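Listed below are the residues making up each chain.
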Amino acid sequence: MDLEPVTPRTRRLSISLPPVVLSASKLIVSAIVIAGLYFGKTLLVPLVLAALLGFVLDPLVARLRRWHLPRLLAVVLVTAFALGAVAASAVLVASQVSQFGKQLPTYQTTIEKKLRELRGKVTAGRGGALPSASRVIETVEAEVDATRKALDTNSPTKAAPAQRVQVVATESAPLKSLQSLVMPFVEPLLTGGIAIVLLVFILLEKRDLSDRLLRFVGGGDLHQTTDALSEAARRVSRYLSMQVLVNVGYGVPLALGLWAIGVPGAFLWGALGGALRFVPYLGPIVASAFPLLIAFAVDPGWQMMIWTLVLIVTLELVSNNIIEPWVYGNTTGLTPVAVLLSAAFWTVLWGPVGLIIATPLTVCLVVLGRHLPQLQFLDLLLGSQPVFDPPTQLYQRLLAGNVEEAVELAETQMASESLAAFYSDTAVPALGRAAGDHAKVATVEQRHRLTAGMRALLAELRTDHPVQTTPPPVVLCIGLRWEADALAADMIAHALGVDGVCAQALPANAVSAEHIAQLDLARVRGVCLTSFHPQPEALVRHVARRLRRMRPELHITVALWQAPPALLEPGAAESLGADAVAASLLEAVQRTKAALGTAPSSAADDDADDAGPPADGNPTAEAKKAFRRWGQARASAGAQAAQRAAETFVTAHGVVRWIDGRQQHWSSLDAHDGEAHEMAALPAACLAPVLEEGRTLVIPDLARDAGAGNCADLLEAHTELRFFAAAPLHGARGVVLGALCLLDVKPRQLPDPEARLLESLGREFIAQLEGSSDASDAADAASEAAAATKSGGPATPLAGAAAA
């Protein structure tokens, strides 16, 4: 009888420690790490310097590698170039220091003369307040001194006079004197030498070191670790490279300007000014002090110092307000406080070198914290990204009673978006959180501050964004149950009024059993009901049924902010007795306007579709020229581009739709139960923002976005579609030739980085077509030239060149 081998079972033992023990262990580990950084600085400082220099020089090595140079030769050339630049700068600075040192004693007379003049001006004017105060102080000092002497004379025991003590230094050994003289210069040279050797090996073994670092840091999660290290390398490399360029761009004009003014050692101060700008905040101040002091000491007057000050202030203003924001952008991702704290921390640990490398090191830590959960606290403490999203920020401001800060937050957001978008994306979610915390954690005072603050905010926004319509209202916005419902209804009414629809907000008791019969619906054409309740079905059906009895033709839109997903599916509105269900304020506004006829209707969409270019229409001359040049390659390459886009973004369909109506598509078998379906032609009206305006269009949920009415024909042909995105395909001179589209059967978001990636796929696709057409033209020209030569006919110079 064969016995099956018994596989041993692995049991995992999990121990839960008290929070105090966990916090204490984290503090102990942090203390050990900091101690290791401090005591290991002799080894760590050269290693970090070499790594940071590697970030700067590796792009140059990569450029030489693209020119097919061996990696060893590329590393040697780049390192030699960097060392040569540093050595040349050191020689120039040394010569400037030597020359300036010889001239320094000659400035003593000018300094003494200016100080005497300043002292004379200060003491001039005996009747002034300063001389009088000085005389009072001198009188008081004289009286105190006389009193002290009298007390010393009357004392019974007179102290013995003080004996003068002279300290005579013992002669040290010659070797010790030499060591104390040489060591301050040997230590930096030794650190620099070790850093250079490590730099060479880092550049040579970059790929192997990256793999080992990925394995060490990431363990099994290769995706997060790769993104973290790639982003850290990109940010640090760009920051250091841009900082070198900015500092050189500051130091050279400073040196030339000081030379034109006549300040001695101009190139020395220019080099010092560029180098000290690596030190955040404090470096530029220290660098500007030296040329100002020299100008003060050299010129008997004040003209040279004034011109030097004007030069430094001008360069600082241009650099800080124009060049650095334009070049750096969001390179570091650090807050100013984080930069200062990191500079102080690394300076305490590693001295002046730590002050210089503090910012790049902190950038690496913040990026790692953004991607690795174990280090997330670093991104929270030092990163520049907001720790709260806008709805949470608004909720916190109102919870604390800071209405002014809430208004400021609203104004900041509305500088880049509309009033309705602010209500939909920020204000309503903040109310949703307040409704969820209403009976759980909020106190009476907190609930009062929140509702009062939100009403004050809405009143301020109504003042800043007045409504131009006049009553009677055609739309009533009513909150169903809570105060938060009424506030959301007020927001919808305000957003409709700004868009030209006369709307009125009513409190929740307006649809109660006692008051609903008193509603005046004679001229009302639509009602928008709002609710934050997680189970609003019964109340919505009751109110909708009562409103239908009073006015059957009334259009009822129900805005459900926290309802279960089943109530947001197509067909749920009919079960609630309403005409439409909205999940956002923007959707509620759009559906209400569409019902009133103030938004584009389906007929208008059909007209817009008919107005678009037909399948054999008349595209622009540039598009026609490009289509003729691409020939059959357009169809095959378009299908490949559609497949690549769909597989990259994991969507059901990828479509390349040209401006002449032709399209190539690719459908995922997984999304259609193993069967590939043909994709109906995308209507021109659906792609109007892309084809006419050249901008990327993203619709996260076609069923929820009432503004996606232009895609009605597409939705009729494919009712399963929910997500749609399209990026323009630009040809020569920015002409839009078509669109690269993504379609999916599930709602999804497309963040800005992914939208930019879709645009880059479109650019790569067009570049591929252009390259293939150029190669095809060259091959055709070559074949024509060969045929002409074989037949004995004359070959044109162009054909001959193509054949060659």
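Before any of the text, the structure's been laid out above.
Residues numbered from 1 in each chain as written. Predicted model: local features only at pLDDT ≥ 70, side-chain atom pairs only at ≥ 80, totals over all residues. Heavy atoms only, no water.

(A) Up close: a nonpolar patch on the surface. A cluster of nonpolar side chains, contributed by Leu92, Val244, Val248, Val252, Leu256, Trp259 and Phe267, occupies part of the molecular surface with about 650 Å² of accessible area. Element by element, the count of residues in the nonpolar patch is highest for helix H8 (residues 222–261), at 5 residues. Relative to the helices and strands, Phe267 resides in helix H9 (residues 266–276). You can call Phe267 partly exposed: its relative accessible area is 36%. (Patch = residues over 30% accessible without salt bridge, like charges linked within 9 Å, V, L, I, M, F, W, Y side chains within 5 Å. Areas by Shrake-Rupley, 256 points an atom, 1.4 Å probe, with all protein chains shown as cover. Salt bridge = Lys/Arg side-chain N within 4 Å of Asp/Glu carboxyl O. Helix = DSSP H or I, 4+ residues; strand = E, 2+ residues; numbered from the N terminus. Buried < 20%, exposed > 50% of the residue type's maximum accessible area, 1.4 Å probe, protein only.)

(B) Highlighting a negative patch on the surface. Taken together, the side chains of Glu408, Glu411, Glu460 and Asp464 make up a negatively charged region of the molecular surface. Contributing elements (two or more residues each) for the negative patch: helix H16 (403–414) and helix H18 (444–464). You can call Glu411 partly exposed: its relative accessible area is 41%. (Lys, Arg positive; Asp, Glu negative; His and termini not counted. Charge placed at Lys NZ, Arg CZ, Asp CG, Glu CD.)

(C) Here's a closer look at the sheet that holds strand E2 (residues 503–506). Taken together, the 5 strands give an open sheet; going across it, the order is E2-E1-E3-E4-E5, and neighbouring strands pair in parallel fashion. Pairing within the sheet leaves two strands with one partner each, and these edge strands are E2 and strand E5 (580–582). With strand direction ignored, the average angle separating the axes of adjacent strands in the sheet is 20°. Alignment of strand E1 (residues 475–479) against E2, held across 4 bridges, turns out to be parallel. Across the sheet, the residue bridging to Val475 is Ala503, located in E2. The strands that helix H19 (residues 483–498) touches are E1, E2, strand E3 (526–531) and strand E4 (555–560); relative to E1, the one it contacts most, it runs at about 160°. Packing against the sheet, helix H20 (residues 537–550) makes contact with E3 and E4, and its axis sits at approximately 165° to E4. (Pairing = 2+ DSSP bridges. Axes fitted to C-alpha atoms, helices over the stretch in contact; angles between N-to-C directions. Contact = heavy atoms within 4.5 Å.)

(D) Structural context of the side chain of Arg657. Structurally, Arg657 is set in strand E6 (residues 653–658). Accessibility expressed as a relative area gives 4% for Arg657, which makes it buried. Contact partners of Arg657, with chain neighbours within four places excluded, come to Arg662, Gln663, Leu682, Pro683, Ala684, Leu687, Leu691, Gly738 and Ala739.

(E) Structural view of the nonpolar core. Ranked by size, the top nonpolar core spans 44 residues in total, and within it Leu394, Tyr423, Met491, Ile492 and Leu585 carry the most contacts. The dominant element in this core, judged by the number of residues it contributes, is helix H17 (residues 419–437), at 10 residues. Met491 has contacts with Tyr423, Ala427, Val428, Leu431, Met454, Leu458 and Leu585, leaving out every residue within four places of it along the chain. (Core = buried A, V, L, I, M, F, W, Y, C linked by side-chain atoms within 4.5 Å.)

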